[in-house]
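Reading the structure
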Amino acid sequence: MTTVTISKPISKPRKRHHQHSNLGTSIGIVIILIIWIVPTVGLLVTSFRPLSLINTTGWWTALNVNNGPVSAQHPDPNASYVEKLSTRFTIDNYVDALTGYRGTSTYLDACASGTKPLGMNCNITDLLNPRGMGRAFINSLIVTIPSTILPIIIAMFAAYAFSWMDFKGRYAIFAILVGLQVVPIQMTLVPVLRMFAGMGINGTFPAVWLFHTGFGLPYAIYMLRNSMSSLPKDLFESAYLDGADHWQVFTKIVMPLTTPAIASLAIFQFLWVWNDLLVSLVFLGGSKPVMTYQISNMVTSLGAGWHLLTAAAFLSMVLPMIVFFTLQRYFVRGMMAGAVKG
Amino acid sequence: MAKTIALPVMKQKRWVPWLYLLPAMIIMSIFILYPMINTFGLSFQNADSTASAATTCREGQPCWGVFENYRYALTNELNMETPQTTWESFWISSYGNTIKWLLVMVTGTVGLGLIFAVLVDRIKLESLAKSIIFMPMAISFVGAGVIWKFVYNYGTSQVQIGILNAVITSLGFEPVAWLSKIPLNTFMLIVVGIWMWTGFCMTLLSSAIKAIPEEIIEASRIDGATNFDIFTKVQVPIIAPTIVVVITTMVINVLKLFDIVYVMTGGNFGTNVIATRMYTEMYTNANYGRGTAIAVILVLFIVPFIIMNIRRFTKQEAMR
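Residues numbered from 1 in each chain as written. Chains lettered and ligands numbered in written order. Predicted model: local features only at pLDDT ≥ 70, side-chain atom pairs only at ≥ 80, totals over all residues. Heavy atoms only, no water.

So, on to the overall build of chain A. Within chain A, the regular secondary structure consists of 16 helices and zero strands. For 342 residues, the compact-globule estimate of 2.2 N^0.38 gives 20 Å, and chain A exceeds it by more than 25% at 26 Å. Referenced to the eigenvectors of the C-alpha coordinate spread, the extents of chain A come out at roughly 85 × 65 × 35 Å. The 342 residues of chain A split such that 53% are buried. Taking as baseline every contact in chain A between residues at least 6 positions apart, the subset at least 24 positions apart corresponds to 68%. Only carbon and sulfur atoms are counted for the fraction: they give 67% of the accessible area of chain A, which is about 15100 Å². Distance between charge centres in chain A, computed from 22 positive and 12 negative side chains, equals 10 Å. (Helix = DSSP H or I, 4+ residues; strand = E, 2+ residues; numbered from the N terminus. Rg over C-alpha atoms; globule rule 2.2 N^0.38 Å. Buried < 20%, exposed > 50% of the residue type's maximum accessible area, 1.4 Å probe, protein only. Contact = heavy atoms within 4.5 Å. Areas by Shrake-Rupley, 256 points an atom, 1.4 Å probe, with all protein chains shown as cover. Lys, Arg positive; Asp, Glu negative; His and termini not counted. Charge placed at Lys NZ, Arg CZ, Asp CG, Glu CD.)

This is the structure:
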């Protein structure tokens, strides 16, 4: 029997390199980091500024309390800096974006004045206005959660079979699956669209769930199989000696031991679906707008100013950001393995 | 050594594995395999797939028979009056633009990713720096599109609210309409792609660099190598296989790229790429024949990578 050993350096915790750092490198990196982060900061700052200021002053001057049009100035010229500053920031953009308010005033002002804006009730139900990001947020969740859970459950079974069961064509089928990971979504859009039209489910949530499940599977199976097949063989032998069958091994041993891989996969799939535009554009469109759809609509159609766009874009980024900063390790691992998907 | 890793001891009835596999295989057949074959067939038919594509040929116009949709897909964007106009129109066609994307975005992301991976390795706040570079990966292309549309904002008035034009005008230059000026606009879109994907390349390359044994670096340092020598003559050659993997991944990603162009310019002003053009034909123009023909052309570009992916997998398996 021949065995192939891949020599791997024993990795010690690394504290090296730092002695080689020099001022030039550090300054260079800081400049790069600033360039990298400035566009996002601009979005965030702008989303809290009133439209009249956004359109007349750069966001980087947001701390200057005296520029901009007369209407944006503090009524009392002797007011303190903090007082002046506080009138130059607002959460109206977020309220307007969430409720889908598109008038010339702001949602809160319009409702306070007593005349209800067109199509608004001036109560909590406005969060479900189909034009608003509140509804889109809920739609995004409705799309994303089943589209994450379904493929993972189905993939777990298949990955177990590929890892620990013996059947004809195992290797060939898996090789095909590896190839399928790279197939572009565009290659399947038209036939699936017609199929859904025939079934009458175009524009419904199950249509997107099914499509994302189909496209999520090759990578999900691939990743889970990598993780499951690296479990030690002894585990399975002793389980077998104890009289366990495949079902018991699968549910009691394999599933708990592959939890980290499942977590990485879940995060990857969740964000992939959450950030997807093309699939929701084609299969859901305007009937059940998700966040990405709603924003792209606001960009391409006129009528939504920067105050709404920036707030809406930031709303769509909140969840991915939280996931990214809290579960970074799993996130990076899932991203690395699944980068070529769809 | 046998390739199989299944347990010889744990025999089961012959149909049991298929029970585990069946749900996945049915769904993948319905949503990937069957549509692929179907797309291929549809690309030889007319707009609503009721007759052969040959019937859409018009008298006195060039016609490729059943390949008519492919003629349209390949030549419609070109102005073939003279070789000169053909050449010029090619470079603002969806194919020319896709080639620009491939060249600039792949070199940009892999090059910057490599440089960052080496530089960041040398500073104290390594993980913070990496988080900042990687962060754009977490957000959607749509969100990134909005962020950068604002950066590129072009104001006709005195005040520029887009930071790029504000910098340009403060240096005494005229403001630029970044997103509508051909051919500049495609490159401005590519910048967004680079911003999003450099973190991905950096992370993969960085872990490859960290796996290089310290002794090799130390030995070359003792031999008098500078940091730059170590980078070009030691680190890069050793991680070459990883670089190849990163490049192929990026090529596949760029070929499929849709969202950035769709959100930022809608494919207007000569910024179409293959994927956005396919969407326009299929959805806006409701021409399934032409849309699927473009999809088939796209997949032809990707086939080599599908084969490569399978080869790499086969090699890995042989090593287990």
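Let's pick the thread back up.
Residue and element names in this part refer to chain A. The interhelical angle for the contact between helix α7 (residues 170-180) and helix α9 (residues 205-229), taken along N-to-C directions, is 125°, at an axis separation of 8 Å. Of the possible angle classes, the one that applies to α7 and α9 is oblique. Between α7 and α9 the crossing geometry is left-handed. Touching F174, L177, V178 and L180 of α7 are P218, I221, Y222 and R225, all from α9. Residues of the contact of α7 with α9, tallied by class, amount to seven nonpolar, no polar and one charged. (Axes fitted to C-alpha atoms, helices over the stretch in contact; angles between N-to-C directions. Parallel < 35°, antiparallel > 145°, perpendicular 65-115°, else oblique. Left-handed = near helix turned anticlockwise from the far one by under 90°. Nonpolar A, V, L, I, M, F, W, Y, C, P; charged D, E, K, R; others polar.)

Contacts between the two partners involve 109 residues from chain B and, on the opposite side, 117 residues from chain A. Buried area between chain B and chain A, both sides added, is near 10300 Å², and the carbon and sulfur share of it is 75%. The tally of links between chain B and chain A comes to zero salt bridges. At the boundary of chain B and chain A, one finds nine residue pairs in polar contact (both at pLDDT 80 or more). In terms of residue count, helix α1 (residues 16-42) of chain B provides more of the side of chain B that touches chain A than any other element does, 20 residues in total. (Buried area = accessible area lost by both parts, 1.4 Å probe. Salt bridge = Lys/Arg side-chain N within 4 Å of Asp/Glu carboxyl O. Polar contact = N/O pair within 3.5 Å; in protein donor to acceptor, adjacent residues only side chain to side chain.)

What follows covers the pattern of salt bridges. Residues and elements named next belong to chain B. Summed over all chains, the structure comprises five salt bridges over all chains. Note that K210 and E126 form a salt bridge whose closest N and O atoms lie 2.9 Å from each other. With K210 in helix α8 (residues 184-210) and E126 in helix α5 (residues 126-134), the pair connects residues that are 84 residues apart, well separated along the chain. Through salt bridges with shared partners, a single network forms among E126, K130 and K210.

What follows is about the nonpolar core. Of all hydrophobic cores here, the largest spans 193 residues; its most connected members are Y160, F211, I221 and F283 of chain A together with W101, Y152 and M250 of chain B. Of the residues forming this core, the biggest block, 15 residues, is contributed by α8 of chain B. (Core = buried A, V, L, I, M, F, W, Y, C linked by side-chain atoms within 4.5 Å.)

Right, let's talk about the layout of surface pockets for a bit. In this structure, the second largest pocket encloses a volume near 670 Å³. When contributions to the lining of the second largest pocket are tallied by element, the ones reaching two or more residues are α14 (291-300) and α15 (306-326) of chain A together with α12 (259-264) and α13 (274-284) of chain B. In terms of residues, the lining of the second largest pocket owes the most to one element, α13 of chain B, which gives four residues. Tallied by class, the residues present in the lining of the second largest pocket amount to 17 nonpolar, 14 polar and one charged. (1 Å grid on protein atoms, 1.4 Å probe; cavity = no way out; pocket = protein on both sides within 12 Å on 5 of 7 lines; lining within 4 Å. Points joined across faces, edges and corners; volume = space filled by probe spheres on them.)

Their axes nearest at 11 Å, the elements helix α1 (residues 23-47) of chain A and α8 of chain B cross at an angle of 120°. On the basis of the axis angle, α1 of chain A is oblique to α8 of chain B. The interaxial crossing formed by α1 of chain A with α8 of chain B has left-handed handedness. In this structure, α1 of chain A contributes W36, P39 and T40 of chain A to the contact, and α8 of chain B contributes I194, W195 and T198 of chain B.

Residue and element names in this part refer to chain B. The omega torsion of the bond from I182 to P183 falls at -5°, within 30 degrees of zero and hence cis. Mapped onto the fold, P183 is located in the loop between α7 (163-170) and α8. We note that S49 has phi near 60°; this positive angle belongs to a residue other than glycine. As for its position among the elements, S49 is in the loop between α1 and α2 (68-75). Here F269, not a glycine, exhibits a phi torsion of approximately 55°, which is positive. Looking at the element boundaries, F269 is found in the loop between α12 and α13.

Across all of its chains, the model carries 40 aromatic pairs over all chains by this definition. Both rings, one in F44 of chain B and one in Y70 of chain B, keep their centres 5.4 Å apart while their planes meet at 40°; by these two values the pair is tilted. On the criterion of sequence distance, the pair formed by F44 of chain B in the loop between α1 and α2 and Y70 of chain B in helix α2 is long-range, its members being 26 residues apart. Taken together, the aromatic side chains of F157, Y160, W247 and F250 of chain A together with Y20 of chain B make up a single cluster linked through ring pairs. One Lys or Arg, R225 of chain A, reaches over the ring of F174 of chain A and ends 4.4 Å from the middle of that ring. We note K288 of chain A situated over the ring of F205 of chain A; from NZ or CZ to the ring centre the distance is 5.8 Å. (Phe/Tyr/Trp six-rings, centres within 6.5 Å; stacked < 30°, edge-to-face > 60°. Lys NZ or Arg CZ within 6 Å of the ring centre and 35° of its normal.)

Function-wise, these values are silent; they only describe arrangement.
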